[in-house]
Every structure is written in structure tokens, then in C-alpha cells.
Amino acid sequence: QVHLVESGGGLVQAGGSLRLSCAASGRTFSSYAMGWFRQAPGKEREFVAGISWSGGSTYYSDSVKGRFTISRDNAKNTAYLQMNSLKPEDTAVYYCAADKDYYSGPDYYMYDYWGQGTQVTVSS
């Protein structure tokens, strides 16, 4: 069992940056692949980025590639999403997710655990 808590969301102007954190409980965090998703009002949940259990492999959606960076610190049981050059279309609730079977791709139904989400609002 893994309990995930996101933080770091907020209101930022277009072009600005935010860093989201996902703190995980439990001693087996390092064995879970992690993903970040987002959901805007009236839209479906969207994959943002994923990272393997070791941090050696990362994946990004085309919409954030080159602007966002996913990372993890297994010693701190925390995953991060650094978001730069933010755009109004990045406005959404951002969720982190964990998968115990090493999946870190875009299919949300493959993930086993989810956080409660943190709101990111980008003003123009």
C-alpha cells in the first residue's frame, strides 16, 4: 500500500515555473514506477510524465516535452514535476500515481495508487 500526497500547486503567470512534489508513504517507494497526470474541467485525464522505479527512464507527453521534467528521490520517498514555461493550457488539477508493476506509461488504468491532486492555475 502506498499513500500519495501532492503539493506545490498554485497560481502562476504564463511563462512562470512551479515544482510539484508527490510524497509517498511506505518503505517500498523505490520499487514503484511513478506518473503525473492532469485533468482540466470538462476534459479527460491526461498523461503528463512518467518515471521508472530507478529514475533511469522518463517519458513525457508531447504537450509538455521540453518544458516539464519528472524526477524522483527514493531516499526521500518523493517524486517531482518541475514545470517551466507554463502556459494557460497547463491549467488543471495535477495528480501523481504509482504503479507496483513497473509501468510508467500513459495508460492511467495501469496505475495502482493515486494522490488527491493539486491545483495548478496559469494566468495569461
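For the structure itself, consult the block above.
Just so it is clear, the structure is predicted and the values come from calculations on it, not from any experiment.

1. Thoughts on the overall build of the chain
And then number 1: Check the secondary structure of the chain and you find zero helices and 11 strands.
And then number 2: Order of helices (α) and strands (β) in the chain, N terminus to C terminus: β-β-β-β-β-β-β-β-β-β-β.
And then number 3: What you see for the chain is a C-alpha radius of gyration of 13 Å, in line with the 14 Å of a compact globule of 124 residues.
And then number 4: Each of the three principal axes of the chain carries a C-alpha extent, and together these read 40 × 25 × 25 Å.
And then number 5: Of all 124 residues assigned to the chain, the portion counted as buried reaches 44%.

2. Some thoughts on the side chain of N77
And then number 1: Following the sequence through the fold, N77 ends up in the loop between β7 (68-73) and β8 (78-83).
And then number 2: Non-local contacts of N77, meaning those with residues more than four positions away in its chain, are made with C22, A23, A24, S25, G26 and F29.

3. Some details on the state of the cysteines
And then number 1: For the structure on display, the rule yields one disulfide.
And then number 2: At a sulfur-sulfur separation of 2.0 Å, the disulfide partner of C22 is C96. Taking the sign of the S-S torsion, about 60° here, the bridge from C22 to C96 comes out right-handed. You can see C22 sitting in strand β3 (residues 18-24) and its partner C96 sitting in strand β9 (residues 92-99), a full 74 residues away along the chain.
And then number 3: C96 gets classed as buried once you look at its relative accessible area, which sits at 0%.

4. Section: the sheet that holds β3
And then number 1: Taken in spatial order, the four strands of this open sheet run β1-β3-β8-β7, and their pairing is antiparallel. Every other strand in the sheet has two partners, leaving β1 (4-7) and β7 as the edge strands with one partner each. Strand after strand, the sheet turns through a mean of 15° between neighbouring axes, direction not considered.
And then number 2: Pairing of β1 with β3, which is carried by four bridges, proceeds in the antiparallel orientation. Residue pairing across strands places V5 opposite A23, the latter belonging to β3.

5. Some words on the pattern of salt bridges
And then number 1: Applying the stated criterion to the full structure yields five salt bridges.
And then number 2: Residue R38 is joined to D90 by a salt bridge in which the shortest nitrogen-to-oxygen separation is 2.9 Å. Of this pair, R38 sits in strand β4 (residues 33-39) while D90 sits in the loop between β8 and β9, and the two are 52 residues apart along the sequence.
And then number 3: The exposure class of D90 is buried, given its relative accessible area of 0%.

Thresholds applied
Residues numbered from 1 in each chain as written. Predicted model: local features only at pLDDT ≥ 70, side-chain atom pairs only at ≥ 80, totals over all residues. Heavy atoms only, no water. Helix = DSSP H or I, 4+ residues; strand = E, 2+ residues; numbered from the N terminus. Rg over C-alpha atoms; globule rule 2.2 N^0.38 Å. Buried < 20%, exposed > 50% of the residue type's maximum accessible area, 1.4 Å probe, protein only. Contact = heavy atoms within 4.5 Å. Disulfide = S-S within 2.5 Å. Pairing = 2+ DSSP bridges. Axes fitted to C-alpha atoms, helices over the stretch in contact; angles between N-to-C directions. Salt bridge = Lys/Arg side-chain N within 4 Å of Asp/Glu carboxyl O.

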